[in-house]
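# Breakdown of the fold
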Amino acid sequence: MKAASDPAEMSRQDQLSELLRQSPIIPVITIERVEDAVPLAEALVAGGLRLLEITLRTPVAREAAAAIVANVPEAIVGIGTVVSERDLVLASELGAQFALSPGATPDLLDAAAASNLPFMPGIATASELMAALARGFDVVKFFPAVPAGGIATIAALAGPFPQARFCPTGGIGEANASEWLAQPNVIAVGGSWLTPATDVRKGDWPAITDRARRTLAHTSAFHKGLNEVPR
Ligand SMILES: O=C(O)C(=O)C[C@H](O)[C@H](O)COP(=O)(O)O
């Protein structure tokens, strides 16, 4: 386990923070048909969303992520639903630029601390956040954000943990993304609302690009990269 003050650890986390500041809306993507992967990623990138979370939830997830890495150079690919050290290794092998998890077991945190890949563990409680912070992970997913208490929970965690930065996912949508991003300790938001299965199945890529553009426009006042808040 590396200490939080380890310079290599800090720079890896800073790298992740920088990615999130510049691209604070993260589509959480679950791909059912591998042939959808590239046009879907292109549609999101065309709408201004470059940071993509490809979940490892489907049989074609690996192939889909590899296709995006190979064919959509503007996309910054993160691998999601990383629940084991094996998944973390897979994320690196796929050429991902970062990895994310809905949670954080001690084993996964240790493996991530020993890996060079920027990693965002998932937390829903103070104790889980403490385990992540103890290993140097100060940027965490807050999942499942709305069921786990919503904005009130994030605001309460700011008291004892002012150094933590959150990327809430789970129940975020176009209607509430700005409200979340307006919280000083929310660095980015993510969710599946940007890639509805109905649009993906129809191959309605323009609808996906429009939604991405609209979300960026609605939320831009709250992007931390443009309106930095002191850490
Ligand atoms: O699969 C993962 O790796 C996760 O971390 C969970 C996702 O972030 C949420 O399932 C997204 O939630 P919705 O936007 O409400 O669909």
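The shown structure was predicted, so the numbers you read here are calculated from the model rather than taken from an experiment.

## Focus on the overall build of the protein chain
Across its full length, the protein chain carries 10 helices and nine strands. Taking 17 Å as the expected radius of gyration for a compact globule of 231 residues, we find that the protein chain reaches 16 Å, a close match to that expectation. Taken along its principal axes, the extent of the C-alpha atoms in the protein chain is 45 × 35 × 30 Å. A buried classification covers 42% of the 231 residues belonging to the protein chain. The long-range share in the protein chain, meaning contacts at least 24 apart out of those at least 6 apart in sequence, stands at 63%.

## Quick notes on the sheet that holds strand S5 (residues 119-120)
Strand order in this open sheet of six strands is S5-S4-S3-S2-S1-S9, and the pairing throughout is parallel. In the strand order of this sheet, the two ends are held by S5 and strand S9 (189-191), each with one partner. Relative to S9, strand S1 (residues 25-29) is paired through three bridges, and the arrangement is parallel. Pairing of Ile26 across the sheet is with Gly190, part of S9.

## As for the site of the ligand
Neighbouring the ligand are 17 residues, the closest being Thr81, Pro102, Thr169, Gly191 and Ser192. Here the residues of the shell around the ligand sort into six nonpolar, 10 polar and one charged.

## Observations regarding the environment of Gly171
Residue position: Gly171 is located in the loop between strand S8 (165-168) and helix H8 (177-181). In this structure, the C-alpha to C-alpha distance between Gly171 and Ala148, residues 23 residues apart in sequence, is 10.0 Å. Dropping the residues within four chain positions of it, Gly171 is found in contact with Pro144, Ala145, Val146 and Pro147.

What counts and what doesn't
- Residues numbered from 1 in each chain as written.
- Predicted model: local features only at pLDDT ≥ 70, side-chain atom pairs only at ≥ 80, totals over all residues.
- Helix = DSSP H or I, 4+ residues; strand = E, 2+ residues; numbered from the N terminus.
- Rg over C-alpha atoms; globule rule 2.2 N^0.38 Å.
- Buried ≥ 20, exposed ≤ 12 C-beta atoms within 10 Å, placed from the backbone.
- Contact = placed C-beta atoms within 7 Å.
- Pairing = 2+ DSSP bridges.
- Near = placed C-beta within 6 Å.
- Nonpolar A, V, L, I, M, F, W, Y, C, P; charged D, E, K, R; others polar.

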